Amino acid sequence: GSYLIGSVPFGLLYSKLTGAPDPRMEGSRNIGFTNVLRVCGKKAGAFTLLGDMGKGFLVTALGKFLGFSWTWILLFGLAVIVGHIFSLFLEFKGGKGVATALGAIGGLHGFLGLTLIVIWLTSVLIFRYSSGGALVAFGVFPLCVIAFGGDMAFLVFSFLVTGLIFYCHKGNIIRLYHGIEPKIGSSSN
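Notes on the structure follow. (Residues numbered from 1 in each chain as written. Predicted model: local features only at pLDDT ≥ 70, side-chain atom pairs only at ≥ 80, totals over all residues. Heavy atoms only, no water.)

## Description of the overall build of the protein chain
Defined as follows: Labels follow the DSSP assignment, with helices taken as runs of H or I lasting at least four residues and strands as runs of E lasting at least two, numbered in each case from the N terminus. Between the two quantities, the radius of gyration covers C-alpha atoms and the globule rule is 2.2 Å times the number of residues to the power 0.38. We call a residue buried when its accessible area falls under 20% of the maximum for its residue type, exposed when it is over 50%, and partly exposed in between, using a 1.4 Å probe and counting protein chains only.
Of the regular secondary structure elements, the protein chain holds eleven helices and zero strands. Each helix and strand of the protein chain, ordered N terminal to C terminal, gives the series α-α-α-α-α-α-α-α-α-α-α. Against the globule reference of 16 Å for 189 residues, the protein chain gives a C-alpha radius of gyration of 16 Å, in line with a compact fold. In terms of principal-axis extent, the alpha carbons of the protein chain reach across some 45 × 35 × 25 Å. In the protein chain, which comprises 189 residues, the proportion classed as buried is 49%.

Structure below.
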C-alpha cells in the first residue's frame, strides 16, 4: 500500500487536470517539484510539492497512529519513497524522491523532518540549486539521526534514503561539478 501511494504522480496529475505541459516532455523530463515548477509554474509546483510531501507524511504518520512497530513504519517510509522514484503508474519511472522523503521523515520524527526542510530551503535560497539543497539536506540526514538520538534502525533507514537520493541525483552531481547545473529560475534542467 505504501508503495502504491508513493507511485501517485502528483506533478503529472496536475498537468493532466489543468492542461499544463506534461513535465515528462519538457525541462528535465521529471515529475518532481523542481521540474513541475519550471515547466508548469508556481501553482503546479506548490501542488506537486504538497502532494509529494503529503504522501510521504501520510504513510509514516498513519503507521505510527495505527500502532505498527518502528521497523514496519520505517519500511513503509522506504516503500513510499521507492514508489515515488519507481512509480508503478509510470513504467517504474518517477521523481527523485526529495519531497516524498522529507514528508516521510516528518511523519517519523517531526522536528528532524523540519530540520531537514530548513537545511534544504536555506541551501536553495543561498545557492539557488534545488538539487544542491537536496544533496546537502540528505548528506547530513544520517548525522541528524545520530544527533537526535535515533536508533540503529533509523540510522540504517537514513543511509538507505540518502543513497537513493544521491543515486537519483547522479546527473545533477555531475552538472554541479562541471558548473552547468541550472539554478532555480532558469528555464531548463
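## Concerning the packing of aromatic side chains
To keep it simple, the criterion reads: Planes of paired rings set the category: under 30 degrees apart is stacked, over 60 is edge-to-face and the rest tilted, where pairs are Phe, Tyr or Trp rings (Trp by its six-membered ring) whose centres lie within 6.5 Å.
Counting across every chain of the model gives eleven aromatic pairs. Taking 6.2 Å as the distance between ring centres and 80° as the angle between the ring planes, the aromatic pair formed by phenylalanine 141 and phenylalanine 154 counts as edge-to-face. With phenylalanine 141 in helix 9 (residues 141-147) and phenylalanine 154 in helix 10 (residues 152-168), this residue pair connects regions lying 13 residues apart in the sequence. For phenylalanine 141, a relative accessible area of 0% puts it in the buried group. When its relative accessible area of 3% is taken as the criterion, phenylalanine 154 is described as buried.

## Topic: the pattern of salt bridges
Note the cut-off: We define a salt bridge as a side-chain nitrogen of Lys or Arg found within 4 Å of a carboxyl oxygen belonging to Asp or Glu.
Scanning the entire structure with this criterion turns up three salt bridges. Between aspartate 52 and lysine 55 there is a salt bridge; the shortest N-O distance is 3.5 Å. Linking aspartate 52 with lysine 55, this pair stays in helix 4 (residues 42-65), spanning three residues, or about one helical turn. Accessibility assignment for this pair places aspartate 52 and lysine 55 in one class, buried.

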